[in-house]
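A structural walkthrough
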Amino acid sequence: MEEQNYYATPPQASGKAIAAMVLGILSIIFIFFPFLGFILGIIGIILATKAFKQIRDQKLGGRGLAIAGLITGIIGTFFTGILTVVMILPIFISNSY
């Protein structure tokens, strides 16, 4: 007698959503590296927005990963931008006198 599988398999997660989350986390880790964290965050944000469209169109899973990638990308980009300005601003102020 054959056993029946009563559990539905979860949909495959979007690769773009996974990449967005990884890059968002890396952008937070590299906050103190002025341009690296900023670039990783921007790429994470772009991938997260593309992942939302892919998830909607192809009925894939990974919406939570895309949300996490978007949020961590925004946080990493924001704080990297602020720290870059804080580190560069004294150079311009000291050169103006």
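Heads up: the structure comes first, above all this text.
Structural notes, computed from the coordinates.

Reading the values: rules and limits
- Each chain carries its own residue numbering, running from 1 in the direction its sequence is written.
- Thresholds applied to this predicted model are a pLDDT of at least 70 for local features of residues and 80 or more for the giving and counting of side-chain atom pairs; totals over whole chains, interfaces and linings are not thresholded and use all residues.
- For the side-chain quantities, the full set of heavy atoms in the structure was used; hydrogens and water were omitted.
- Strands are runs of DSSP state E lasting at least two residues, helices are runs of H or I lasting at least four, and both sets are numbered from the N terminus onward.
- Radius of gyration here uses only the C-alpha atoms, and the compact-globule reference equals 2.2 Å multiplied by the residue count raised to the power 0.38.
- Think of it in three bands: with a 1.4 Å probe and only protein chains considered, a residue is buried below 20% of the maximum accessible area for its type, exposed above 50%, and partly exposed in between.
- In this analysis, two residues are considered to be in contact whenever any of their non-hydrogen atoms come within 4.5 Å of each other.
- Only the protein chains shown count as cover for residues, and the accessible areas themselves come from Shrake-Rupley with a 1.4 Å probe.
- Each helix should span, by expectation, one fewer than its residue count multiplied by 1.5 Å.

1. Some remarks on the overall build of the protein chain
- When helices and strands are counted, the protein chain shows 3 helices and 0 strands.
- Helices and strands in the protein chain line up, N terminus first, as α-α-α.
- Taking 97 residues into account, the globule formula puts the C-alpha radius of gyration at 13 Å, and the protein chain, at 19 Å, lies well above it.
- Within the span of the protein chain, comprising 97 residues, buried residues form 26% of the whole.
- In the protein chain, once contacts between residues fewer than 6 apart in sequence are set aside, the share between residues at least 24 apart is 74%.
- When the accessible area of the protein chain is evaluated, it comes to approximately 7000 Å², of which 73% is carbon and sulfur surface.

2. Brief notes about helix H2 (residues 34-58)
- Spanning 25 residues, H2 covers 36 Å between terminal C-alpha atoms, matching the ideal 36 Å at 1.5 Å per step.
- Here H2 has its buried residues at Gly 37, Leu 40, Gly 41, Gly 44, Ala 48, Ala 51, Gln 54 and Ile 55.
- On its buried face, H2 is in contact with helix H1 (15-29) and helix H3 (63-95).
- Residue Lys 59 follows H2 closely and has a positive phi angle near 55°.

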